[in-house]
Amino acid sequence: MKAAIGQVTESVVVGRRFETMGQHVASSADAVTRARILEAARPVVERFTVAKFSIEDVARAAGIARQTVYKYFSGRDDLVMALFVQQLKEMASQFAERAKAEPSIDQLVQLFVEELEAGREFVLFEAALDPVHAPKMAELVFSSSEIFEARNEAWFPVLERYAEAGIVASNVDFAAAVRWMTYQAFWILVHPTVLAPDRETLLVYVRDYILCPLLVQR
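Visitor: Give a detailed account of a nonpolar patch on the surface, specifying residues and quantitative values.
Guide: A surface patch of nonpolar side chains, about 260 Å² in accessible area, is lined by Trp 187, Val 194 and Leu 195. The residue Trp 187 is located in helix α9 (residues 174-190) in this model.

What follows is the structure, encoded as structure tokens:
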């Protein structure tokens, strides 16, 4: 009887191992396919623009069926946001390296402005932030939890370090601060010369109006 129970138990354990292995293989395959779609999508969106590319265009470029794209992305908007998140993560390592500099108000301003400048170099940013499409993009960006997860991942360590250095106020809500900075950055990217026609003016505006609410009041 004990031997039989042992065999059944062993079979269950082995079965679960194979099930777990199968799930891992499927998960890995899904990650590869998703990455393949994103890799194919970026030049497609750059070529046809955010407003005019289609899921069919992406599927054709990736060499897969249109239905396969829909398995990973609910539609064009979801795909565009995934491309933005991918770009934010690619920028994160460079951002983290620059953030290692000695904390100061001027350095925090530089970080914000350098992130803006890096964003302007991304082709999809330029296309998406065209004034014609900007309202729709703003709606997508500010309703995307993935966008803010990526933003928080980049900015939380910086804000924590600057709070420890006595530059950012200790009672600042980091999530709210990142959302505030994202909103302001989006506005500046869409209207680059309205509030700050040159870099020097931009630095002052960022320090006195955007970052000022986050700083220790002296």
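Visitor: How would you summarise the packing of helix α7 (residues 134-142) against α9 if you had to cite specific residues and measurements?
Guide: Put simply, α7 and α9 touch, their axes get as near as 12 Å, and they point 165 degrees apart. The angle between the axes of α7 and α9 places the two elements in the roughly antiparallel class. Of the two possible hands of crossing, α7 and α9 adopt the one that is right-handed. When α7 is examined against α9, the residues Ala 134, Met 137, Ala 138, Val 141 and Phe 142 are found in contact with a partner set consisting of Arg 179, Thr 182, Tyr 183, Phe 186 and Val 190. Grouping the constituent residues of the contact of α7 with α9 by class yields eight nonpolar, one polar and one charged.

Visitor: Before we move on, can you summarise helix α4 (residues 76-98) with the specific residues and values?
Guide: For α4, built from 23 residues, the straight-helix expectation of 33 Å at 1.5 Å per residue is met to within 8% by its first-to-last C-alpha distance of 33 Å. At Ala 92, α4 shows its maximal bend, which comes to roughly 35 degrees.

Visitor: Describe in detail unusual backbone geometry, supporting the description with residues and values.
Guide: For Thr 49, which is not a glycine, the phi torsion comes out positive at approximately 80 degrees. Following the sequence through the fold, Thr 49 ends up in the loop between α1 (2-48) and α2 (55-62). The class for Thr 49 is partly exposed, based on a relative accessible area of 32%.

Visitor: Account for the environment of Thr 33, with residues named and values stated.
Guide: Here Thr 33 is to be found in helix α1. Dropping the residues within four chain positions of it, Thr 33 is found in contact with Thr 68 and Tyr 72.

Visitor: Give me the packing of helix α5 (residues 105-120) against helix α10 (residues 199-210): which residues, what numbers.
Guide: Contact geometry for α5 and α10: axes closest at 10 Å, N-to-C directions at 120 degrees. Crossing of α5 over α10 shows right-handed handedness. Contact residues: α5 offers Ile 105, Val 109, Gln 110, Phe 112, Val 113, Glu 114, Leu 116 and Glu 117, while α10 offers Arg 199, Leu 202, Leu 203, Val 206, Arg 207 and Ile 210. Here the residues of the contact of α5 with α10 are counted per class, giving nine nonpolar, one polar and four charged.

Visitor: So what's going on with the nonpolar core? Residues and values would help.
Guide: Within the largest apolar cluster, 69 residues are counted, with the highest numbers of intra-cluster contacts made by Leu 79, Leu 108 and Trp 155. Ranked by residues supplied to this core, first place goes to α4 with nine residues. If sequence neighbours within four positions are ignored, Leu 79 has contacts with Ile 37, Leu 38, Ala 41, Phe 53, Ile 55, Val 58 and Phe 73.

Visitor: Let's hear about α10: which residues, and what values?
Guide: Restricting attention to buried positions, one finds in α10 the residues Leu 202, Leu 203, Tyr 205, Val 206 and Ile 210. Buried residues of α10, seen end-on, are gathered within an arc of 165 degrees and therefore sit on one face of the element. Tucked inside the fold, the buried residues of α10 contact α5 and α9. Between the side-chain oxygen at the start of α10 and the backbone nitrogen of Glu 200 there is a gap of 3.2 Å, and the oxygen is on Asp 198.

Scoring rules and cut-offs
- Residues numbered from 1 in each chain as written.
- Predicted model: local features only at pLDDT ≥ 70, side-chain atom pairs only at ≥ 80, totals over all residues.
- Heavy atoms only, no water.
- Patch = residues over 30% accessible without salt bridge, like charges linked within 9 Å, V, L, I, M, F, W, Y side chains within 5 Å.
- Areas by Shrake-Rupley, 256 points an atom, 1.4 Å probe, with all protein chains shown as cover.
- Salt bridge = Lys/Arg side-chain N within 4 Å of Asp/Glu carboxyl O.
- Helix = DSSP H or I, 4+ residues; strand = E, 2+ residues; numbered from the N terminus.
- Axes fitted to C-alpha atoms, helices over the stretch in contact; angles between N-to-C directions.
- Parallel < 35°, antiparallel > 145°, perpendicular 65-115°, else oblique.
- Left-handed = near helix turned anticlockwise from the far one by under 90°.
- Contact = heavy atoms within 4.5 Å.
- Nonpolar A, V, L, I, M, F, W, Y, C, P; charged D, E, K, R; others polar.
- Expected span 1.5 Å × (residues − 1).
- Bend = angle between axes of the 7 residues up to and from the residue.
- Buried < 20%, exposed > 50% of the residue type's maximum accessible area, 1.4 Å probe, protein only.
- Core = buried A, V, L, I, M, F, W, Y, C linked by side-chain atoms within 4.5 Å.
- Arc of directions from axis to C-beta.
- Polar contact = N/O pair within 3.5 Å; in protein donor to acceptor, adjacent residues only side chain to side chain.

Read these as geometric descriptors, not functional statements.
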